[in-house]
Amino acid sequence: MKKVIRTIIECMAIMTGVWFIIHRHVISACLTGSPMPEAPEWHKKCFGGFRKD
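Cut-offs applied
- Residues numbered from 1 in each chain as written.
- Predicted model: local features only at pLDDT ≥ 70, side-chain atom pairs only at ≥ 80, totals over all residues.
- Heavy atoms only, no water.
- Helix = DSSP H or I, 4+ residues; strand = E, 2+ residues; numbered from the N terminus.
- Buried < 20%, exposed > 50% of the residue type's maximum accessible area, 1.4 Å probe, protein only.
- Areas by Shrake-Rupley, 256 points an atom, 1.4 Å probe, with all protein chains shown as cover.
- Lys, Arg positive; Asp, Glu negative; His and termini not counted.
- Charge placed at Lys NZ, Arg CZ, Asp CG, Glu CD.
- Phe/Tyr/Trp six-rings, centres within 6.5 Å; stacked < 30°, edge-to-face > 60°.
- Patch = residues over 30% accessible without salt bridge, like charges linked within 9 Å, V, L, I, M, F, W, Y side chains within 5 Å.
- Salt bridge = Lys/Arg side-chain N within 4 Å of Asp/Glu carboxyl O.

(A) Expanded view of the overall build of the protein. When its secondary structure is counted, the protein shows three helices and zero strands. Its helices and strands in sequence order give the protein the pattern α-α-α, from N to C terminus. Across its three principal axes, the protein shows a C-alpha extent of roughly 45 × 25 × 15 Å. Counting the 53 residues in the protein, one finds 2% classified as buried. Summed over its atoms, the accessible surface of the protein is roughly 5200 Å², and 70% of this surface lies on carbon and sulfur atoms. Separation between the mean location of the 8 positive side-chain charges and that of the 4 negative ones in the protein comes to 11 Å.

As structure tokens, this is what we get:
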């Protein structure tokens, strides 16, 4: 059981690292106050309902 929990935690850590790498420009823009980068078309189509327009 400990091995399963350890594997799950390792996978979550890897996925979190990948998420930070993918969103590094957005995180940087949020922290520095610079303009947000434009999202790709597929992102707008899939997640358009979450926009604050």
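(B) The packing of aromatic side chains, seen in detail. Evaluated as defined, the whole model comprises one aromatic pair. Here the aromatic rings of tryptophan 19 and phenylalanine 20 are separated by 5.1 Å at their centres, their planes lie at 80 degrees, and the arrangement is edge-to-face. The exposure class of tryptophan 19 is partly exposed, given its relative accessible area of 43%. Taking the relative accessible area as the measure of exposure, phenylalanine 20 reaches 46% and is therefore partly exposed.

(C) Highlighting a nonpolar patch on the surface. A cluster of nonpolar side chains, namely Met1, Val4, Ile5, Ile8, Ile9, Met12 and Met15, defines an oily patch on the protein surface of about 760 Å² accessible area. Classification of isoleucine 8 as partly exposed rests on a relative accessible area of 46%.

(D) Representation of the pattern of salt bridges. Under the criterion given, the structure shown has one salt bridge. Residue arginine 6 is joined to glutamate 10 by a salt bridge in which the shortest nitrogen-to-oxygen separation is 3.1 Å. You can see arginine 6 and its partner glutamate 10 sitting in helix 1 (residues 2–22), four residues apart, about one turn around the helix. Residue classification places arginine 6 among the exposed residues on the basis of a relative accessible area of 57%.

(E) A look at the environment of isoleucine 5. Its location among the elements puts isoleucine 5 in helix 1. With 14 residues separating them in the primary sequence, isoleucine 5 and tryptophan 19 have C-alpha atoms 21 Å apart.

Geometric descriptors of this kind do not, in isolation, establish any biological role.
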